[in-house]
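One letter stands for each residue in the lines below.
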Amino acid sequence: MTVPGRVSLAVLDALAAGLGLGYLARDYRDTLLSHGPVLSIATVLGIAAIVVGYRSYRVLRSANSRLEAIIADELSRRKPSPRPRR
């Protein structure tokens, strides 16, 4: 179920970001043209770092949940001690 208010707000945010980037690109046109390859490589490396970070977070979260399941299973099998604790 979609909420119409959220969709229009997302479109408005995208429009504002696009206008801001267009303004910066117009002001710094010479810099962008002279350093285009460096900016492209930096963008690709930045996106790659974000993807690797996200994947590693998911792998660690999955491993943590499996480890917790193993520990819970082992603790549930343990027999209670015959002597009461003080």
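Coordinates for the structure precede this section.
Report on the accompanying structure. (Residues numbered from 1 in each chain as written. Predicted model: local features only at pLDDT ≥ 70, side-chain atom pairs only at ≥ 80, totals over all residues. Heavy atoms only, no water.)

**Digging into the overall build of the protein**
So, step 1. Per the secondary structure count, the protein includes 3 helices and 0 strands.
So, step 2. Start at the N end of the protein and walk to the C end: the helices and strands fall as α-α-α.
So, step 3. For the protein, the residues scored as buried account for 1% of the 86 residues in total.
So, step 4. Put simply, the protein shows about 8,500 Å² of open surface, and 66% of that area lies on carbon and sulfur atoms. (Helix = DSSP H or I, 4+ residues; strand = E, 2+ residues; numbered from the N terminus. Buried < 20%, exposed > 50% of the residue type's maximum accessible area, 1.4 Å probe, protein only. Areas by Shrake-Rupley, 256 points an atom, 1.4 Å probe, with all protein chains shown as cover.)

**A closer look at the pattern of salt bridges**
So, step 1. Per the stated rule, a full pass over the model turns up 1 salt bridge.
So, step 2. As a salt-bridge pair, Asp27 and Arg26 come within 4.0 Å of each other at their nearest N and O atoms. (Salt bridge = Lys/Arg side-chain N within 4 Å of Asp/Glu carboxyl O.)

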